[in-house]
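One-letter residues, chain by chain:
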6 protein chains.
Amino acid sequence: MAELSHVNKNSQPVMVDVSEKKITRRNAVARAMITLPEQVMETLRKDDFMTRKGSVFQTAVIAGIMAAKKTGGLIPLCHPIGLDNCEINIELNGQQDMVIYCTAGVEAKTGVEMEALTGASVAALTIYDMCKALSHDMVIREIKLIEKSGGKNDLKRKK
Amino acid sequence: MAELSHVNKNSQPVMVDVSEKKITRRNAVARAMITLPEQVMETLRKDDFMTRKGSVFQTAVIAGIMAAKKTGGLIPLCHPIGLDNCEINIELNGQQDMVIYCTAGVEAKTGVEMEALTGASVAALTIYDMCKALSHDMVIREIKLIEKSGGKNDLKRKK
Amino acid sequence: MAELSHVNKNSQPVMVDVSEKKITRRNAVARAMITLPEQVMETLRKDDFMTRKGSVFQTAVIAGIMAAKKTGGLIPLCHPIGLDNCEINIELNGQQDMVIYCTAGVEAKTGVEMEALTGASVAALTIYDMCKALSHDMVIREIKLIEKSGGKNDLKRKK
Amino acid sequence: MAELSHVNKNSQPVMVDVSEKKITRRNAVARAMITLPEQVMETLRKDDFMTRKGSVFQTAVIAGIMAAKKTGGLIPLCHPIGLDNCEINIELNGQQDMVIYCTAGVEAKTGVEMEALTGASVAALTIYDMCKALSHDMVIREIKLIEKSGGKNDLKRKK
Amino acid sequence: MAELSHVNKNSQPVMVDVSEKKITRRNAVARAMITLPEQVMETLRKDDFMTRKGSVFQTAVIAGIMAAKKTGGLIPLCHPIGLDNCEINIELNGQQDMVIYCTAGVEAKTGVEMEALTGASVAALTIYDMCKALSHDMVIREIKLIEKSGGKNDLKRKK
Amino acid sequence: MAELSHVNKNSQPVMVDVSEKKITRRNAVARAMITLPEQVMETLRKDDFMTRKGSVFQTAVIAGIMAAKKTGGLIPLCHPIGLDNCEINIELNGQQDMVIYCTAGVEAKTGVEMEALTGASVAALTIYDMCKALSHDMVIREIKLIEKSGGKNDLKRKK
């Protein structure tokens, strides 16, 4: 049966030893959603907050990129790796959700899934922070991996 | 109409000025859930990984507490504040979810909601990281605020 | 003669002991300027990059605020303090300069001058980073303190 | 029997809840020693490396102070607190030891022992780093608490 | 005579220039010990704190791994490098010592001794932190390098 | 016309994708100056503060090197890269300026200009911090790039 890679034979947490792995180009896309109550949506609709140039969007984009770079310092057993690219895109899905995509890539011995997931999560938390004076009835939901490539098991879900 | 507190009259992001606010005792509880596929659940059930002493749980608990302390460095417009207490509790809900509660408290001019939400989110991301060698069919869902007290608008949801 | 406060009698660097000082409300405003060559100005003028909503401006604002929060981790002998408010404003002065003001405030035993200066400096470095694909003929100049209050010697310069 | 304060009734790690504790002035002094082989001592004796102005000493002093400020980010269950003062003093004990004292103080609900111990430890590691091109036969030893005051149980050992 | 590599000809601290060095696989093992008074040992013996699954052990393991990743941010003249593996093992030596081994490895131009030493030291400080409510009569001692390979001078001591 | 590389077609901030770029040896030298009023100069002239061994100089050198390592965490869209070398040199120019040079180098897909500029800037801020008890009439000025090599457009200005 498959084993947890981050737990050694003594049941202790351990960083996976990737020293024998080859460097390949790794990519990952993760998605998070945040559902906003009508009261928040209405305020954001005014002026241009809902546009890509609105400062809620831009602050979330920057927070997500900066958090992706900090992944190795946040997730205890993640390898500290660089990033060759990182992009956050935020869309409205016509309902009351902001949908956040975080794309990350690097040439490394290990994948960038956690970087993409961390970037998307912190972008969502930042939107929460900026809108919380209006309402706390927001929910961050469905943070998941959409794509990964460059490792043993590639994956590509429909968006 | 209510205004976004983190955006100034020029539509620029800004830290809310709390200099005139009084110091009160602030508490917050946030919750995150992570749904695990049967393949992951089965591995965790072996031995004692599902128990509170399992290293998946313990690593997530520590990651969450350490992330709560870093909230001011992750969320761009959060005030940097201390913490008087921080506790992470993880439960299994009988279905295929790990349910993570993060409780945070401090005496400060501003609330600790973001600390609780960040702690719960990073604990969930850590569980994801530790189980991802088994499957990427995990979803972090329903990160939300359960309780807050000490500020203008207190809140207490049913768990 | 006046003494360097951060060097002890053995000529060793030391954090100033503020344990006997009273907590007062401290404020500081610092200013940095960055001079851009015509080639950069021209590109920024297109579209709305020069407006307050442009992403060069917004990224610099957020970088400056986040850096102000990290001051105690960057400047070796600075006390680690919180911040009650932090605001970055960026203006064009009609010549080829972006003028950055960083305002910081907190109730503490020691001042927030370094926070304001660090916030303004990192905002300027961020503008440099975002425009450097166009030209490296940019100069950051005249980083200085404009105002401080709440300490022994208040100061207020003409902007 | 006494209990471990950082482990809750479910045997999970937890930050101690200090919300009911009073703010008092806390001080702590910790000591670390590093024993250097003759080969290293000889090199340091040349010029003025052994003096308080030597750059091995000064780099260690600054590294220790900066590490003391990061204690809450390094030790998982430490409360994030400020510091009102922090001083590192390094002496030669006539044998082959550099003896490092780190003094820390703050007004807080909890003590600064870990800050003093962390500052002394990182100062010792820094000396190790700067001398390791000469020899790896160095040993850091006897890191311990010398004094603490302001809490329930004060302590003062002979230096 | 051998020279200090981190001090330039002007007696100033400097990062060693490794740009001409070849990338090789680097490994290092460091060891730290912490001596606990009987009172602490007795409490730890209850239940399963002494086992590998006890939360004192697990928290120390995670703190050590996370600190090893932060080495370049703690030790002023250390190169910032990644890590391909990092493992912390803690044993009881039959006396009153917990013995901590930190193993680190990476392919890089420079060694990982400081990463291994920092990981072991912070794991020891974390045990200190978690047991200090019982007694401050703990001593961290004999932090030293046990093995290194991949550089100019390899080393392997008896454990 | 040239484009801003850090802003995508939707006017959103984005990290430049360097995944297709080749790894080359990158070097950069940046310069910052800080002008000190006579009152500060006079104090520094006493004893040996003005010498390379003075602790104002040494603290600034270390702060600058440590900040250069943190560049990717400070400048939002900077790639996180390592450093093979980093050196800070501080000179007096015969007038009332301290002139700070920061040299940085690494083999990477992207340049180290921001690392050199950040190192020089934080060294200047550190001098400001250490002298500010004497006077706030200090100005940091003319932070600019002096040299860069290894990228598309090399540059070398007269010092």
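As the structure is a prediction and not an experimental result, all values here were calculated from the model. (Residues numbered from 1 in each chain as written. Chains lettered and ligands numbered in written order. Predicted model: local features only at pLDDT ≥ 70, side-chain atom pairs only at ≥ 80, totals over all residues. Heavy atoms only, no water.)

1. Remarks on the overall build of chain A
Helices and strands together make up the secondary structure of chain A, namely four helices and five strands. Its C-alpha atoms put chain A at 55 × 30 × 25 Å along the principal axes. Out of the 159 residues belonging to chain A, those deemed buried represent 64%. Across chain A, contacts joining residues at least 24 apart in sequence account for 68% of those joining residues at least 6 apart. Here chain A has roughly 5,400 Å² of accessible surface; of this, 46% comes from carbon and sulfur atoms. Of the side chains in chain A, 22 bear a positive and 19 a negative charge, and the two mean positions are spaced by 4 Å. (Helix = DSSP H or I, 4+ residues; strand = E, 2+ residues; numbered from the N terminus. Buried < 20%, exposed > 50% of the residue type's maximum accessible area, 1.4 Å probe, protein only. Contact = heavy atoms within 4.5 Å. Areas by Shrake-Rupley, 256 points an atom, 1.4 Å probe, with all protein chains shown as cover. Lys, Arg positive; Asp, Glu negative; His and termini not counted. Charge placed at Lys NZ, Arg CZ, Asp CG, Glu CD.)

2. Observations regarding the arrangement of the chains
Left apart from each other, chain A and chain D have a closest C-alpha approach of 10 Å. Between chain C and chain E there is no contact, and the shortest C-alpha to C-alpha separation is 10 Å.

3. Observations concerning the interface of chain F and chain A
Between chain F and chain A, the contact holds 22 residues from the first and 18 residues from the second. Interface area for chain F against chain A, summed over the two sides, is near 1,700 Å², with a carbon-plus-sulfur share of 53%. When the buried area of chain F at its contact with chain A is split by residue, F:Gln12, F:Pro13 and F:Met15 rank highest and sum to 32% of it. Our enumeration of links across chain F and chain A arrives at three salt bridges. A salt bridge links F:Lys109 to A:Asp84; the shortest N-O distance between them is 2.7 Å. Viewed at the interface, chain A and chain F are joined by twelve residue pairs in polar contact (both at pLDDT 80 or more). Tallied by class, residues from the side of chain F that touches chain A come to eleven nonpolar, eight polar and three charged. (Buried area = accessible area lost by both parts, 1.4 Å probe. Salt bridge = Lys/Arg side-chain N within 4 Å of Asp/Glu carboxyl O. Polar contact = N/O pair within 3.5 Å; in protein donor to acceptor, adjacent residues only side chain to side chain. Nonpolar A, V, L, I, M, F, W, Y, C, P; charged D, E, K, R; others polar.)

4. Quick word on the side chain of B:Lys109
Its location among the elements puts B:Lys109 in the loop between strand E3 (97–108) and helix H4 (113–131). Separated by 3.2 Å, the side chain of B:Lys109 and the backbone oxygen of B:Ser19 make a polar contact. Other than its neighbours up to four places away in sequence, B:Lys109 contacts B:Val18, B:Ser19, B:Lys21, B:Lys22, B:Ile23, B:Arg26, C:Asp84 and C:Glu107.

5. Digging into the relation of the copies chain F and chain A
Expressed as a screw transformation, the operator carrying chain F onto chain A has a rotation angle of 120° and an axial translation of 0.0 Å, and the superposed copies differ by an RMSD of 0.0 Å. Given the turn and translation reported, the copies of this chain are related as if by a three-fold rotation axis. (Least-squares fit on C-alpha atoms with pLDDT ≥ 70 in both.)

6. Some words on the pairing of strand E2 (residues 85–92) of chain D
All names here are of chain D. Taken together, the eight bridges between E2 and strand E3 (residues 97–108) define a ladder with antiparallel strand orientation. Considered in E3, the bridge of Leu 92 is made with Met 98. Taking the residues between adjacent antiparallel strands as the criterion, E2 and E3 are bridged by four residues, where Gly 94 takes a positive phi near 90°. (Pairing = 2+ DSSP bridges.)

7. With respect to empty space enclosed by the protein
A probe as big as a water molecule, rolled over the atoms, marks out the empty space that is left. Taken as a whole and assessed by the stated rule, the structure comprises two cavities of 30 Å³ or more. The volume enclosed by the largest cavity comes to roughly 40 Å³. C:Arg26, C:Asn27, C:Gly111, C:Val112, C:Glu113, C:Lys148, C:Ser149, C:Gly150 and C:Gly151 together form the lining of the largest cavity. Elements supplying a minimum of two residues to the lining of the largest cavity: strand E1 (24–35) and strand E4 (139–149) of chain C. Class assignment of the residues belonging to the lining of the largest cavity gives a composition of one nonpolar, five polar and three charged. Forming the boundary of the second largest cavity are F:Arg26, F:Asn27, F:Gly111, F:Val112, F:Glu113, F:Lys148, F:Ser149, F:Gly150 and F:Gly151. (1 Å grid on protein atoms, 1.4 Å probe; cavity = no way out; pocket = protein on both sides within 12 Å on 5 of 7 lines; lining within 4 Å. Points joined across faces, edges and corners; volume = space filled by probe spheres on them.)

8. Overview of the interface of chain A and chain B
Contacts between the two partners involve 56 residues from chain A, matched on the other side by 56 residues from chain B. Together chain A and chain B conceal approximately 4,600 Å² of surface at their shared face, both sides included; 68% is due to carbon and sulfur atoms. For the pair chain A and chain B, the interface holds two salt bridges. Of the charged contacts in the structure, one is a salt bridge between B:Asp137 and A:Arg157, with a shortest N-O distance of 3.0 Å. For the interface between chain A and chain B, the tally reads 14 residue pairs in polar contact (both at pLDDT 80 or more). Of all the secondary structure elements, the ones that give two or more residues to the side of chain A that touches chain B are helix H1 (38–45), helix H2 (55–69), helix H3 (71–74), helix H4 (113–131) and strand E4 (139–149) of chain A.

9. What about the confidence of the model for chain A?
When pLDDT is averaged along chain A, the result is 91, and 94% of the positions lie at 70 or above. At the level of individual helices and strands, chain A shows its lowest average pLDDT in H1(A), which scores 85, and its highest in H3(A), which scores 98. (pLDDT = per-residue confidence, 0-100.)

10. Notes on the relation of the copies chain A and chain B
Each copy of the sequence occupies a distinct position, and chain A is placed on chain B by a rotation of 180° and an axial shift of 0.0 Å, giving an RMSD of 0.0 Å. Both copies of the chain, as the preceding transformation shows, are related through a two-fold rotation axis. Within chain A, the C-alpha atom positioned nearest to the axis of rotation is that of A:Arg141, 2.1 Å from it.

11. A look at helix H1 (residues 38–45) of chain F
All names here are of chain F. Listed in full, the buried residues belonging to H1 are Val 40, Met 41, Thr 43 and Leu 44. End-on view of H1: buried residues confined to an arc of 165°, all on one side of the axis. In this fold, the buried residues of H1 make contact with helix H2 (55–69), strand E2 (85–92), strand E3 (97–108) and helix H4 (113–131). (Arc of directions from axis to C-beta.)

12. Remarks on the environment of B:Glu147
Residue and element names in this part refer to chain B. Following the sequence through the fold, Glu 147 ends up in strand E4 (residues 139–149). Placed 117 residues apart in sequence, Glu 147 and Ala 30 show a C-alpha to C-alpha distance of 6.9 Å. Not counting the four nearest positions on each side in its chain, Glu 147 is found in contact with Asn 27, Ala 28, Val 29, Leu 155 and Lys 156.

13. Let's talk about the pattern of salt bridges
Side chains bearing opposite charge may pair, as long as their charged atoms lie close to each other. Following the criterion strictly, the structure yields 56 salt bridges over all chains and no others. Among the salt bridges present, the one from F:Arg141 reaches F:Glu142, with a minimum N-O distance of 3.2 Å. With relative accessibility at 23%, the residue F:Arg141 sits in the partly exposed group. Through salt bridges with shared partners, a single ionic network connects A:Arg31, A:Asp97, A:Arg141 and A:Glu142.

14. Looking at the environment of D:Pro76
Looking at where D:Pro76 falls in the secondary structure, it is placed in the loop between helix H3 (71–74) and E2. A C-alpha to C-alpha distance of 27 Å links D:Pro76 and D:Val99, two positions 23 residues apart in sequence.

15. Section: the packing of helix H2 (residues 55–69) of chain D against helix H4 (residues 113–131) of chain D
Residue and element names in this part refer to chain D. Where H2 meets H4, the axes come as close as 7 Å, and the angle between the chain directions of the two elements is 145°. For the element pair H2 and H4, the recorded crossing hand is right-handed. Residue-level inspection shows Ser 55, Val 56, Thr 59, Ala 60, Ala 63, Gly 64, Ala 67 and Ala 68 of H2 in contact with H4, the latter providing Glu 115, Thr 118, Gly 119, Val 122, Ala 123, Thr 126, Ile 127 and Met 130. Counted by class, the contact of H2 with H4 contains nine nonpolar, six polar and one charged residues. (Axes fitted to C-alpha atoms, helices over the stretch in contact; angles between N-to-C directions. Left-handed = near helix turned anticlockwise from the far one by under 90°.)

16. Brief notes about the packing of H2(D) against H2(F)
Between H2(D) and H2(F), whose axes approach to 10 Å, the crossing angle comes to 55°. Put simply, H2(D) runs oblique to H2(F). Here the hand of the crossing between H2(D) and H2(F) comes out right-handed. Of the residues in H2(F), those touching H2(D) at D:Ser55, D:Gln58, D:Thr59, D:Ile62 and D:Met66 are F:Ser55, F:Gln58, F:Thr59, F:Ile62 and F:Met66. A breakdown of the residues in the contact of H2(D) with H2(F) according to their chemical character gives four nonpolar, six polar and no charged. (Parallel < 35°, antiparallel > 145°, perpendicular 65-115°, else oblique.)

17. So, the side chain of A:Ser19
Relative to the assigned elements, A:Ser19 resides in the segment before strand E1 (24–35). Reaching out from A:Ser19, the side chain makes a polar contact with the side chain of A:Asp17 at a distance of 2.7 Å. Non-local contacts of A:Ser19, meaning those with residues more than four positions away in its chain, are made with A:Lys109, E:Arg25, E:Asp84 and E:Glu107.

18. Section: the state of the cysteines
Evaluated as defined, the whole model comprises zero disulfides over all chains. We note that A:Cys131 lacks a disulfide partner, and the nearest cysteine sulfur, in B:Cys78, lies 13 Å from it. A:Cys131 gets classed as buried once you look at its relative accessible area, which sits at 0%. (Disulfide = S-S within 2.5 Å.)

19. Notes on unusual backbone geometry
All names here are of chain B. The phi dihedral of Glu 142 is positive, around 55°, even though this residue is not glycine. Relative to the elements of secondary structure, Glu 142 occurs in strand E4. The class of Glu 142 is partly exposed, set by a relative accessible area of 27%.

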